[in-house]
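# Examining the three-dimensional arrangement
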Amino acid sequence: MYIPISMSGWTYAKAGVNIDEKSGAIDSLVKELKYRRTGKGKSADLKGLFTSLIDFGDDYLTLCTDGVGTKLLVAEELGIWDTVGIDCIAMNVNDTICVGAEPISFVDYIAIDKPDEKLTNAIGKGLEKGAEMSNMEIVGGEIAVLPDMVKGVDVSGTCLGFVNKKKVITGQEVNSGDLIISLAASGIHSNGLTLARKVFESSGIKMNEKISGLKKSVGAELLVPTEIYVRQVLSMINEHKVTGMVNITGGGLRNLLRMRKGLRYVIDDPVKSMPIFDKIQELGNVDIREMYQTFNMGMGYTIVASPVEAEAIAKENKNAKIVGFVEKGNGVLYAPDSLLYERY
């Protein structure tokens, strides 16, 4: 029997990641970035999107960057490196498609303490697989050997995409009465791993250990690659009009607040929680509010559309489920437990 850390339970902040402090750090950096390019190629004046929009004639180019995070520590403990490249690609392309953009090019950045051909080869296999799944080319990258700065390896990348200006999706067209559709997650994806790792470690559970309720070892469950939604979503928005799309990454349900303000996003019929999340909550005595603002909880990607379009999307896609609706108000309401999130 495994005993939770304490009656108060684990939080993301207790594990070492305070999302409010992170937001403050981002704000302090962004306020210094004031220069704006003149001429073709200047950025669009739209804030809070999952990817930047760059004016390029009839189209917007999109640019975003992200990494794998502490999922890499799980890979290191298990000695399994051939899937984290998929996560690196997924974290970027799933952000790119939120505005309706198609990912076209990618560059990776690997920081490492010492050259290791076997390790980088395995990472490359994952990057290649993720690129293929996204129909996107890896056009370059960098391996930085930083023994005085890095202990181990860090993997991140940057994605370039494009979308016609007439087809861009910003979430500002979302209306009261629209429905919220969830596309199923493959697992924990690549967010909240610091909290997940701390919970299992504090319970005396090793990454290669199998425990009741999980089909694989704990580490194998955590390493399941992030789902890549590119081909499905691009096909979907070609057939249906959607008003907003959100990648449920760090911040969990708070990500819905990136869409139109002055509305409340109500999750009243969520997908069934996945076993990996149930174990994290049970062993870490993690409050339900903390769970839904840290993890995707099985809802990897969300789409907002009118009832007619939403019903059609849910019917046509096996991994899609209508999980809620939009109404007048503010914030995100997780209705089953009356949890209201009002700040991203």
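Here goes a summary of the coordinates provided. (Residues numbered from 1 in each chain as written. Predicted model: local features only at pLDDT ≥ 70, side-chain atom pairs only at ≥ 80, totals over all residues. Heavy atoms only, no water.)

## Let's talk about the sheet that holds strand β6 (residues 179-184)
Put simply, the rule reads: Should DSSP find at least two bridges between two strands, the strands are taken to pair. Only DSSP runs of H or I reaching four residues or more are called helices, and only runs of E reaching two or more are called strands; each is numbered from the N terminus. Only the contacting stretch of a helix is used when fitting its axis, a line to C-alpha atoms as for every element, and angles between N-to-C directions run 0 to 180 degrees.
The seven strands lie next to each other as β7-β9-β6-β10-β8-β11-β12, forming an open sheet whose pairing is mixed. If you trace the sheet from one side to the other, it starts and ends with β7 (244-247) and β12 (339-341), each paired once. Neighbouring strand axes in the sheet, compared pairwise and without regard to direction, differ in orientation by 25 degrees on average. In this structure, strand β8 (residues 263-267) lies alongside strand β10 (residues 320-328), joined through five bridges in antiparallel fashion.

## As for the packing of helix α4 (residues 84-96) against helix α5 (residues 117-134)
Applied cut-off: Roughly parallel refers to an angle under 35 degrees, roughly antiparallel to one over 145, roughly perpendicular to one between 65 and 115, and oblique to any angle outside these ranges. Each helix crossing is assigned a hand: it is left-handed if the near helix lies turned anticlockwise from the far helix by less than a right angle, otherwise right-handed if that turn is clockwise. Contacts between residues were defined by any pair of non-hydrogen atoms, one from each residue, lying within 4.5 Å. Residues were grouped as follows: Ala, Val, Leu, Ile, Met, Phe, Trp, Tyr, Cys and Pro as nonpolar; Asp, Glu, Lys and Arg as charged; and all remaining residues, including Gly, as polar.
Two numbers describe how α4 lies on α5: the axes approach to 6 Å, and their chain directions differ by 40 degrees. Between α4 and α5, the interaxial angle falls into the category oblique. Between α4 and α5 lies a crossing whose hand is right-handed. Contact with α4, carried on its side by Val84, Gly85, Ile86, Cys88, Ile89 and Val93, involves Ile123, Gly126, Leu127, Lys129, Gly130, Ala131, Met133 and Ser134 of α5 and no other residues of that element. Looking at side-chain class alone, the contact of α4 with α5 contains nine nonpolar, four polar and one charged residues.

## What about the nonpolar core?
Note the following rule: Among the buried residues, those of types Ala, Val, Leu, Ile, Met, Phe, Trp, Tyr and Cys that are joined through side-chain atoms within 4.5 Å form a nonpolar core. Only protein chains enter the calculation, and the probe is 1.4 Å; a residue is then buried if its accessible area is under 20% of its type maximum, exposed if over 50%, and partly exposed in between.
The biggest cluster of nonpolar side chains holds 91 residues, and the ones touching the most others in it are Phe200, Leu222 and Ile280. Sort the elements by how many residues they give to this core and α4 lands first, with six residues. In this structure Ile280 touches Ile188, Ala196, Val199, Phe200, Asn285, Val286, Met291 and Phe295, once residues within four positions along its chain are discounted. Within the second largest apolar cluster, eight residues are counted, among which are Ala44, Val99, Val163 and Val168.

## What about the sheet that holds strand β5 (residues 153-164)?
Across the sheet, which stays open at both edges, the five strands sit in the order β1-β2-β5-β3-β4 with mixed pairing between neighbours. Two strands in the sheet have a free side with no partner beyond their single neighbour: β1 (52-56) and β4 (137-145). Neighbouring strand axes in the sheet, compared pairwise and without regard to direction, differ in orientation by 20 degrees on average. Sheet topology places strand β2 (residues 59-67) next to β5; nine bridges connect them, and they run antiparallel. Of the residues in β5, the one forming a bridge with Tyr60 is Val163. Packing against the sheet, α5 makes contact with β3 (102-112), β4 and β5, and its axis sits at approximately 165 degrees to β3.

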